[in-house]
Amino acid sequence: MATETKTIQTLNADTLELQKFAELAHKWWDKNSEFKPLHEINPLRLAYIDGLAGLKGKRVLDVGCGGGILSESMYFKGADVVGIDLGEKALNVAKLHQLESGAKVAYQLVSVEQLATEQAASFDVVTCMEMLEHVPDPESVVAACARLVKPGGSVFFSTINRNPKAYLFAVIGAEYLLNLLPKGTHDYAKFIKPSELSSWARHAGLNVSGMRGMSYNPITQHYCLGDDVSVNYLMHTQLT
Ligand code: SAH
């Protein structure tokens, strides 16, 4: 019992954050649900990752994979994908969905820190999308991703910048005005500036090779990649 409590306490995870995703788990593949934004940005981030890392034939780890939206799409680009998350319900949905889609992603309920102790330097590409802003110690996740990638391999992160505009767009706009996301999805204090993410990456031995902003146009209701990293952004890093 004591050991179990200790394990839970030392896990780099926020129970309330995991709970939020558990409540929505049955909706992961409903493109008109709270997960609509993830479905809409998926082709953009997939193209960014594939364009820079060339997914075909690569061994890829998707950290915080949720219901498998990105994991499956990387599989269909020809990658050998492992998806990990600490949300059991999300992983069950991901496993069920691939019976339908024909994807063959290996899903595992394990923390990224734990996997890093077991399978260091064994992935060509690691992706960690829209997850860092939900964990208590994001720097530890960045460091674990760096341990999991092979030398020369790529690690991709995406998260939300922290500034008044990001608060307005990602919290007020997305959760309160446009109802794109459930209220309470994001906690402003956990947003991450590109300078902070870059510094964690460098400390972990990762070189920052590029960054793209992901913007939502409420008129056209479309997302696009561009130079504006003031709200949502993607970062490409490589292990030296
Ligand atoms: N990366 C996916 C899902 C993003 S939603 C995508 O972009 O499509 C955030 C995911 O992070 C959820 O599935 C949630 O369960 C997971 N998560 C939150 N805290 C976590 C932690 N500490 N370790 C692993 N996964 C976590």
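Here's what I pulled together on the structure shown here. (Residues numbered from 1 in each chain as written. Predicted model: local features only at pLDDT ≥ 70, side-chain atom pairs only at ≥ 80, totals over all residues. Heavy atoms only, no water.)

With that settled, consider the overall build of the chain. Scanning the chain from N- to C-terminus turns up nine helices and eight strands. At 17 Å, the chain has a C-alpha radius of gyration in line with the 18 Å of a compact globule built from 240 residues. Overall, the C-alpha framework of the chain stretches about 45 × 40 × 35 Å when taken along its three principal axes. In the chain, which comprises 240 residues, the share counted as buried stands at 49%. Counting contacts in the chain only where the partners sit at least 6 residues apart, residues at least 24 apart contribute 70% of the total. (Helix = DSSP H or I, 4+ residues; strand = E, 2+ residues; numbered from the N terminus. Rg over C-alpha atoms; globule rule 2.2 N^0.38 Å. Buried < 20%, exposed > 50% of the residue type's maximum accessible area, 1.4 Å probe, protein only. Contact = heavy atoms within 4.5 Å.)

With respect to the helices and strands, the residue Gln-221 is situated in the loop between strand 6 (206-217) and strand 7 (222-226). Judged by relative accessible area, Gln-221 falls into the partly exposed class, the value being 47%. Distance from Gln-221 to Glu-40, taken between C-alpha atoms, is 9.8 Å for residues 181 residues apart in sequence. With sequence-adjacent residues up to four places away left out, Gln-221 is seen in contact with Glu-40 and Tyr-216.

This paragraph deals with the site of the ligand. Taken together, 16 residues lie around the ligand, and Asn-12, Arg-45, Gly-64, Asp-85 and Met-129 are the ones closest in. At 2.7 Å from an oxygen atom of the ligand is found a side-chain nitrogen or oxygen belonging to Asp-85. Met-129 is positioned with one of its backbone polar atoms (N or O) 2.8 Å from a nitrogen atom of the ligand. Burial of the ligand by the surrounding chains reaches 97%, relative to a free accessible area of 570 Å². (Near = heavy atom within 4 Å. Polar contact = N/O pair within 3.5 Å; in protein donor to acceptor, adjacent residues only side chain to side chain. Areas by Shrake-Rupley, 256 points an atom, 1.4 Å probe, with all protein chains shown as cover.)

So, on to the packing of aromatic side chains. Counted by the stated rule, this structure contains seven aromatic pairs. Between Tyr-167 and Tyr-188, the ring centres sit 5.3 Å apart and the planes meet at 80 degrees, which makes this aromatic pair edge-to-face. Placement of Tyr-167 in helix 8 (residues 164-177) and of Tyr-188 in the loop between helix 8 and helix 9 (194-203) is noted, with a sequence separation of 21 residues between them. Arranged with centres 4.6 Å apart and planes meeting at 50 degrees, the rings of Tyr-216 and Tyr-223 form a pair that is tilted. (Phe/Tyr/Trp six-rings, centres within 6.5 Å; stacked < 30°, edge-to-face > 60°.)

What follows is about the nonpolar core. Where a protein is soluble and globular, its nonpolar side chains tend to be buried together. Counting residues in each nonpolar core, the largest one holds 33 residues, and the members touching the most others are Trp-28, Ile-49, Leu-55, Val-60, Met-74 and Phe-156. With six residues, helix 3 (residues 36-53) is the single largest residue contributor to this core. In contact with Trp-28, not counting residues within four places along its chain, are Phe-21, Phe-35, Leu-38, His-39, Gly-66, Gly-67, Ile-69, Ala-90 and Val-93. Within the second largest apolar cluster, 32 residues are counted, among which are Val-82, Met-131, Phe-157 and Ala-201. (Core = buried A, V, L, I, M, F, W, Y, C linked by side-chain atoms within 4.5 Å.)

The subject of this paragraph is the pattern of salt bridges. Opposite charge on two side chains lets them pair, provided their charged atoms get close. Inspection of the entire model under this criterion finds nine salt bridges. Close ionic contact of Lys-190 with Glu-17 constitutes a salt bridge, the shortest N to O distance being 3.1 Å. One end of the pair, Lys-190, is in the loop between helix 8 and helix 9; the other, Glu-17, is in helix 2 (residues 15-24), and 173 residues separate them in sequence. Salt-bridge contacts for Arg-162 lead to Glu-196; the nearest nitrogen and oxygen are separated by 2.7 Å. (Salt bridge = Lys/Arg side-chain N within 4 Å of Asp/Glu carboxyl O.)

This part is about helix 7 (residues 138-148). With eight of 11 residues buried, helix 7 lies mostly within the body of the structure. Among the residues of helix 7, those classed as buried are Pro-138, Ser-140, Val-141, Val-142, Ala-144, Cys-145, Ala-146 and Leu-148.

Moving on, we come to the pairing of strand 6. Across eight bridges, the pairing between strand 6 and strand 8 (residues 232-239) is antiparallel. Its bridge partner lying in strand 8, Val-208 is registered against Thr-237. Alignment of strand 6 against strand 7, held across five bridges, turns out to be antiparallel. Bridge pairing in strand 7 places Tyr-216 opposite Tyr-223. Hairpin connection between strand 6 and strand 7: a loop of four residues separates the two successive antiparallel strands, and Gln-221 in this loop has a positive phi of roughly 60 degrees. (Pairing = 2+ DSSP bridges.)

Moving on to the side chain of Ser-198. Mapped onto the fold, Ser-198 is located in helix 9. With a relative accessible area of 11%, Ser-198 lands in the buried category. Contacts of Ser-198, omitting those with residues within four sequence positions, involve Val-208 and Met-235.

The contact between helix 7 and helix 9 brings their axes to 9 Å, and the two run at 45 degrees. The angle between helix 7 and helix 9 places the two elements in the oblique class. As helix 7 runs across helix 9, the sense of the crossing is right-handed. Across the interface between the two elements, Pro-138, Glu-139 and Val-142 from helix 7 touch Leu-197, Trp-200, Ala-201 and His-203 from helix 9. Tallied by class, the residues present in the contact of helix 7 with helix 9 amount to five nonpolar, one polar and one charged. (Axes fitted to C-alpha atoms, helices over the stretch in contact; angles between N-to-C directions. Parallel < 35°, antiparallel > 145°, perpendicular 65-115°, else oblique. Left-handed = near helix turned anticlockwise from the far one by under 90°. Nonpolar A, V, L, I, M, F, W, Y, C, P; charged D, E, K, R; others polar.)

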